[in-house]
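Per-entry structural report
Read off the chains here:
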Amino acid sequence: MDTVKDAVNSLFGRKPTGPKVRYGVVGAGWITQAAFIPGVGQTSNSVVTILVSDDPEKRDKLGKEYNLKSYSYDQFSQALAEGHCDAFYIATPNNQHKKFAVPALEQGYHVLLEKPMEVTIEDCEAILAAQKKSGAKLMIAYRLHHEPGTVEIIDRVRKGDFGDARIFSSVFTQDLKPENHRAKQGFDAGPIPDMGPYPINAVRNLFGSEPTEVTAIGFKTPGREFLKMEHDTINVTLRFPEERMAQFVVGYAATPTNCYKVVGTKGEVEVNPAFMFGSGVKIACKTTINGKEDSKTFPETDHFGGETEYFSECILNNVDPEADGHEGLNDVRVIVAIKESLDGKGKTVKIKSEQRSKRPVLEQVKKLTLGKEPKNFIGRDAQKPSHE
């Protein structure tokens, strides 16, 4: 590519030349095939143009199906040099995020990075440093920050509809299949990094503050020896300023459920389902305020299309995204503290987090029609990770 253009890109971030932001996808597992690529097809301002995968079958078959330029992981530097996209969606295993995000950001590519941001605070800070160096946009893929029900509930709690929010409680479980890669990678792919960001991020934004300490206790379900991790189910308690508290359980060894409840001084809101996506999934809530009960079911939307449409708007309009790298880092600070507590057999661990002024707001909600999931999935780790 042009040397001067490359220099400008690495200083200010790449400026798309057309009306749509061109995305390269790094990692082509189930989430990419089932949700991200179909979701991008629902947007007005985004298109997928390249695929980066370590699976030759995926490169061949998905490349042909979607007319994508394909690269192996070892060819990532070539993909950066050839410039067939403006941004990357990175959906590799958690501990490989830095490997791809840092060189992409340093060369001015915008990055939509799956959560958790990385597995260590140091690696998150390296990603942030790369983003600051180039000025490219970095957004952590908190799809629920653009889902109508989630953001409306955050708005109502923050406005005080339920009084002073004092207690948060959540359960998020799945019945993980033995063949899924998450069953084989220990803590870094376990339920805390994989599922924990949902209740952690939810309560941080519902309370509008950052936790100060954590206590965690882990459990190993009998008969689940194929789950190669010390704990397949973890109970977490977080302390927040003003003596607010949050408690949640995440696990890989129970029937799927995803819900949370916020209890305030005037009432409560229970959300179920709360975190999942896909066909037939509609975020729903039941509320009680001063004894009066009500309920609401929100429309089915394409979460992945919504977050991508929003991020592309940020790129095209040169606006910093709400769920930036600092948002991702604060969640990872909690995850790291949870691991320290587990290693200490349930000891209480202090958390030092950056205070946030950015929070999800109603203006960033997207209501895109759900994209159609493909009938067949291709290659390794391309099947849904859990039993229904």
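Residues numbered from 1 in each chain as written. Predicted model: local features only at pLDDT ≥ 70, side-chain atom pairs only at ≥ 80, totals over all residues. Heavy atoms only, no water.

Labelled according to an unreviewed UniProt entry, the chain appears under the name Glucose-fructose oxidoreductase, originating from Adineta ricciae. Here the chain is described in UniProt, under the heading Sequence similarities (unreviewed entry), as follows: "Belongs to the Gfo/Idh/MocA family." (UniProt positions renumbered as here; feature names shortened; annotations may be inferred.)

Looking now at the overall build of the chain. From N to C terminus, the chain includes 11 helices and 16 strands. In terms of C-alpha radius of gyration, the chain reaches 20 Å, essentially the compact-globule figure of 21 Å for 388 residues. Viewed in the frame of its principal axes, the chain has a C-alpha envelope of about 65 × 45 × 40 Å. Each of the 388 residues in the chain was classed as buried or not, and the buried ones make up 57%. Taking as baseline every contact in the chain between residues at least 6 positions apart, the subset at least 24 positions apart corresponds to 72%. Accessible surface, the chain as shown: approximately 16300 Å² in total, 49% of it carbon and sulfur. (Helix = DSSP H or I, 4+ residues; strand = E, 2+ residues; numbered from the N terminus. Rg over C-alpha atoms; globule rule 2.2 N^0.38 Å. Buried < 20%, exposed > 50% of the residue type's maximum accessible area, 1.4 Å probe, protein only. Contact = heavy atoms within 4.5 Å. Areas by Shrake-Rupley, 256 points an atom, 1.4 Å probe, with all protein chains shown as cover.)

On to the UniProt feature "domain: GFO/IDH/MocA-like oxidoreductase" (unreviewed entry) in the chain. According to UniProt, the positions carrying the feature "domain: GFO/IDH/MocA-like oxidoreductase" (unreviewed entry) are residues 155-269. The span residues 155-269 is 18% helical and 43% strand by assignment, and the distance between its end C-alpha atoms comes to 12 Å.

This next bit is on the pattern of salt bridges. Within this structure, the stated rule accounts for 31 salt bridges. As a salt-bridge pair, D54 and R380 come within 3.1 Å of each other at their nearest N and O atoms. Taken together, the residues D54 in the loop between β2 (46-52) and α3 (56-66) and R380 in the loop between β15 (349-350) and β16 (386-387) connect sequence positions 326 residues apart. For D54, a relative accessible area of 40% translates into the label partly exposed. With a shortest N-O distance of 3.3 Å, D194 and R182 are connected by a salt bridge. A residue pair is termed long-range when its members are at least 10 positions apart, and D194 in helix α8 (residues 191-195) and R182 in the loop between β7 (165-176) and α8 qualify at 12 residues. One network of salt bridges, with partners in common, ties together R204, E210, D324, E327, D331, R356, K358 and R359. (Salt bridge = Lys/Arg side-chain N within 4 Å of Asp/Glu carboxyl O.)

This part covers the environment of K261. Considering the arrangement of structural elements, one finds K261 in strand β11 (residues 253-264). With 10 residues separating them along the chain, K261 and V271 place their C-alpha atoms 6.2 Å apart. Dropping the residues within four chain positions of it, K261 is found in contact with I167, F168, S169, E268, V269 and E270.

Looking at the assigned domains, one finds that the chain contains domain 1 (4-143) and domain 2 (148-298 + 324-359). Using only C-alpha atoms to locate each centre, domain 1 and domain 2 end up separated by 27 Å. Facing 19 residues of domain 1, the contacting portion of domain 2 comprises 21 residues. Of the roughly 1600 Å² buried where domain 1 meets domain 2, counting both sides, 70% is carbon and sulfur surface. By the criterion of area lost to domain 2, the three top residues of domain 1 are I121, Y142 and R143, representing 34% of everything that side buries. Remark: the boundary between domain 1 and domain 2 carries zero salt bridges. Taken together, domain 1 and domain 2 are joined by five residue pairs in polar contact (both at pLDDT 80 or more). Broken down by secondary-structure element, the contributors of at least two residues to the side of domain 1 that touches domain 2 are α2 (30-40), α6 (121-134) and β6 (138-140). Of the residues forming the side of domain 1 that touches domain 2, the biggest block, four residues, is contributed by α6. Of the residues that constitute the side of domain 1 that touches domain 2, the class distribution is 13 nonpolar, two polar and four charged. (Domains from an automatic or database assignment. Buried area = accessible area lost by both parts, 1.4 Å probe. Polar contact = N/O pair within 3.5 Å; in protein donor to acceptor, adjacent residues only side chain to side chain. Nonpolar A, V, L, I, M, F, W, Y, C, P; charged D, E, K, R; others polar.)

The next thing to look at is the UniProt feature "domain: Gfo/Idh/MocA-like oxidoreductase N-terminal" (unreviewed entry) in the chain. As recorded in UniProt, the sites labelled "domain: Gfo/Idh/MocA-like oxidoreductase N-terminal" (unreviewed entry) are residues 21-142. With 43% helix and 22% strand, residues 21-142 has end C-alpha atoms that lie 19 Å from one another.

Generally speaking, soluble globular proteins have nonpolar side chains that are buried together. Grouped together as the largest cluster of nonpolar side chains are 60 residues, with contacts concentrated most on F36, F88, M117 and L138. For this core, the two domains that each supply at least three residues are domain 1 (4-143) and domain 2 (148-298 + 324-359). Once residues within four sequence positions are removed from consideration, M117 is found in contact with H97, C124, I127, L128, L138, I140, G325, G328, L329 and V332. By size, the runner-up hydrophobic cluster in this structure holds 47 residues, among which are M195, F207, V214 and I283. (Core = buried A, V, L, I, M, F, W, Y, C linked by side-chain atoms within 4.5 Å.)

Running from N to C, α6 and helix α11 (residues 325-343) point in directions that differ by 175°, and their axes come no closer than 9 Å. One finds that α6 runs roughly antiparallel with respect to α11. Residue-level inspection shows I121, C124, E125 and L128 of α6 in contact with α11, the latter providing G325, H326, L329, V332, R333 and V336. The residue makeup of the contact of α6 with α11, split by class, is six nonpolar, two polar and two charged. (Axes fitted to C-alpha atoms, helices over the stretch in contact; angles between N-to-C directions. Parallel < 35°, antiparallel > 145°, perpendicular 65-115°, else oblique.)

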